[in-house]
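Per-entry structural report
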Amino acid sequence: MLSRYLFLFIMTVPFQAAAETGKPGYLPPPAVISTESTLQMMGGLLLVLALIGGITWLLRRFSLIPATSAGIVKVIAATGVGQRERVVVVEIDSTWLVLGVAPGRVSKLHAMTKPAAETSDPISQGSSAVVFAEQLNQSIKKENA
């Protein structure tokens, strides 16, 4: 019995030595963090940042992002009438100004008082939210019943 274990031990020792030394011509795997992979990662990051910046610029250029109105001056509406010319309605206190805006020049086209909220519209901004909330509550009650 002991001779079997001794024979098994003698047979496995040379194989362990061969396994540790490896094959001739064995190349270690390439490093995970190399200059090439780092440059590729940074290039991808710069591409994504440039894409985000370009989309933001386009949205601002075509007025798809509403301008934040802080303070007393608010931009109510704006529209392009040429390549670089715009007509802008600006609210200052209770006065609306219609302005013509061109590169290097702003001209007042018209001034008027702020129009009152239309009473002919049955669903105004505030009441449409209330109507929607009521409909949502009714549909939730139907699903729970």
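Keep in mind that what you see is a predicted model, and the values were worked out from it rather than measured.

Attention now goes to the sheet that holds strand E4 (residues 105-113). Sheets are built from strands that pair by backbone hydrogen bonding, the pairs being arranged parallel or antiparallel. Ordered by their spatial adjacency, 4 strands build an open sheet running E1-E2-E3-E4, and the pairing between neighbours is antiparallel. Looking at which strands have only one partner, the edges of the open sheet turn out to be strand E1 (73-80) and E4. Across the sheet, the mean angle separating the axes of adjacent strands is 20° when strand polarity is ignored. Sheet topology places E1 next to strand E2 (residues 86-92); 7 bridges connect them, and they run antiparallel. Residue lysine 74 lies in a different strand from E2, and its bridge partner there is glutamate 91.

With that settled, the discussion passes to a nonpolar patch on the surface. Together, Leu45, Leu46, Val48, Leu49 and Ile52 line one region of the surface with nonpolar side chains, adding up to about 490 Å² of accessible area. Secondary-structure assignment places leucine 45 in helix H2 (residues 35-61).

Okay, the packing of aromatic side chains next. The geometry of two aromatic rings is summed up by the distance between their centres and the angle between their planes. Tallied over the full model, the rule gives 0 aromatic pairs. A cation over an aromatic ring shows up here: arginine 61 above the ring of phenylalanine 62, its NZ or CZ 5.9 Å from the ring centre.

What counts and what doesn't
- Residues numbered from 1 in each chain as written.
- Predicted model: local features only at pLDDT ≥ 70, side-chain atom pairs only at ≥ 80, totals over all residues.
- Heavy atoms only, no water.
- Pairing = 2+ DSSP bridges.
- Helix = DSSP H or I, 4+ residues; strand = E, 2+ residues; numbered from the N terminus.
- Axes fitted to C-alpha atoms, helices over the stretch in contact; angles between N-to-C directions.
- Patch = residues over 30% accessible without salt bridge, like charges linked within 9 Å, V, L, I, M, F, W, Y side chains within 5 Å.
- Areas by Shrake-Rupley, 256 points an atom, 1.4 Å probe, with all protein chains shown as cover.
- Salt bridge = Lys/Arg side-chain N within 4 Å of Asp/Glu carboxyl O.
- Phe/Tyr/Trp six-rings, centres within 6.5 Å; stacked < 30°, edge-to-face > 60°.
- Lys NZ or Arg CZ within 6 Å of the ring centre and 35° of its normal.

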